[in-house]
Amino acid sequence: MRPSTAEELATQQGLDFALLDRPARREVAVKIDFTGFVIPDRFVIGYGLDYAGLYRELPGIYSLS
Amino acid sequence: MSEVQTLTPTAKKPARAMISSERIKRRVRELGHQISEVYADIDTPLVMVVILKGATVFAADLLRSLSIPAELEFVSAASYGSGTSSSGHVRLAHMVEGPLVGRHVLLVEDIIDSGRTVNVIAKRLKRMGPASLRLAALLDRPARREVAVKIDFTGFVIPDRFVIGYGLDYAGLYRELPGIYSLS
């Protein structure tokens with residue numbers, strides 16, 4: 001099955017790298033071995049993260065609120 | 001092209017790069033400006049279709065050098081047949097997810113060699129009805145060309161050497177090197 005969240009992906013593949021950790025929405029325990037940044041419960045875009053397929057090209061990370 | 005340096009895989013410190021990370025950075029920025037100008041007036045976001053796996057590093061930098069909105073899609077192609085023989089067929093293992101009808105598509109490849117891979121992918125993409133289809137390639141190695149390919153945005157034209165780094169691999173390795181090195 002196609003993973004729909006980073007958590008599912010991490011669980012399926014045994015991945016433990018994450019650029020961002022947004023613990024506020026955690027449903028499944030995930031051990032992250034290498035964390036870039038822990039962020040608050042905001043929707044974020046940029047540096048590869050999208051909103052409706054867009055904004056991945058932003059060099060920094062921005063919050064949409 | 002200036003003198004080509006070779007890299008011994010076991011060496012701790014690689015030899016001088018064939019193309020340094022600084023040169024790549026400058027060139028990718030130039031390509032980003034060029035591409036942004038060409039697509040300045042399109043009314044839907046550009047769709048960058050990146051060919052896995054070699055083009056991912058180039059694509060990540062190219063994407064961030066654009067000043068226009070762009071979406072990201074990935075395709076995966078595998079040549080099969082006898083080893084590295086270019087007479088092998090090309091099979092697409094993964095195709096784009098979103099519809100491309102009426103969209104402006106930029107195919108992004110690390111290196112254009114025989115031209116077969118990019119040719120097959122371009123044909124498939126064209127059948128999806130895009131408004132336009134262009135090709136950006138970090139490297140062009142024309143010595144081995146078998147199929148005519150029009151490259152709209154070229155990073156560097158290189159001689160007939162096996163190259164690694166900046167996403168390009170040797171047996172799956174060396175993609176992490178910030179510059180491009182030749183193995184000979």
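What you see is a predicted model; the values in this text were computed from it and never measured. (Residues numbered from 1 in each chain as written. Chains lettered and ligands numbered in written order. Predicted model: local features only at pLDDT ≥ 70, side-chain atom pairs only at ≥ 80, totals over all residues. Heavy atoms only, no water.)

K.L.:
What should I look at first to understand the overall build of chain B in this one?
P.N.:
Across its full length, chain B holds 3 helices and 8 strands. Listed by position from the N terminus, the elements making up chain B come as α-β-α-β-β-β-α-β-β-β-β. Burial statistics for chain B: of 184 residues in total, 46% are counted as buried. Taking the contacts inside chain B whose residues are at least 6 apart along the sequence as the reference set, 64% of them involve residues at least 24 apart. (Helix = DSSP H or I, 4+ residues; strand = E, 2+ residues; numbered from the N terminus. Buried < 20%, exposed > 50% of the residue type's maximum accessible area, 1.4 Å probe, protein only. Contact = heavy atoms within 4.5 Å.)

K.L.:
Can you walk me through the side chain of Ser 114 of chain B in this structure?
P.N.:
All names here are of chain B. On the secondary structure map, Ser 114 appears in the loop between strand E4 (104–112) and helix H3 (116–126). Ser 114 gets classed as buried once you look at its relative accessible area, which sits at 11%. Polar side-chain contacts of Ser 114 include one of 3.1 Å to the backbone nitrogen of Arg 116. (Polar contact = N/O pair within 3.5 Å; in protein donor to acceptor, adjacent residues only side chain to side chain.)

K.L.:
Can you walk me through the interface of chain B and chain A in this structure?
P.N.:
It is common to report an interface's size as the accessible area lost on association of the parts. Chain B puts 9 residues into the contact, and the matching count from chain A is 8 residues. Taking both sides of the interface into account, the surface hidden between chain B and chain A amounts to around 700 Å²; carbon and sulfur atoms contribute 58%. Taken together, the links from chain B to chain A amount to 0 salt bridges. Taken together, the elements giving at least two residues each to the side of chain B that touches chain A come down to helix H2 (56–64) and strand E2 (70–80) of chain B. Considered class by class, the residues forming the side of chain B that touches chain A number 6 nonpolar, no polar and 3 charged. (Buried area = accessible area lost by both parts, 1.4 Å probe. Salt bridge = Lys/Arg side-chain N within 4 Å of Asp/Glu carboxyl O. Nonpolar A, V, L, I, M, F, W, Y, C, P; charged D, E, K, R; others polar.)

K.L.:
Quick question: what am I supposed to make of the side chain of Glu 57 of chain A here?
P.N.:
Looking at where Glu 57 of chain A falls in the secondary structure, it is placed in the loop between strand E3 (43–45) and strand E4 (62–64). Buried within the structure, Glu 57 of chain A lacks any salt-bridge partner; its nearest side chain of opposite charge belongs to Arg 56 of chain A, at an N-O separation of 7.5 Å. Those residues in contact with Glu 57 of chain A that sit more than four places away from it in its chain are Leu 63, Arg 64, Ile 68, Pro 69 and Ala 70 of chain B. (Lys, Arg positive; Asp, Glu negative; His and termini not counted.)

K.L.:
In this structure, what is going on with the pairing of strand E2 (residues 34–38) of chain A? I would like to understand it.
P.N.:
Taken residue by residue, a regular strand's side chains alternate between the two faces of the sheet. Residues and elements named next belong to chain A. Where burial is concerned, little of E2 is hidden: 0 out of the 5 residues are buried. As paired elements, strand E1 (residues 17–21) and E2 share 4 bridges and run parallel to each other. Bridging from a neighbouring strand, Ala 18 pairs with Thr 35 of E2. (Pairing = 2+ DSSP bridges.)

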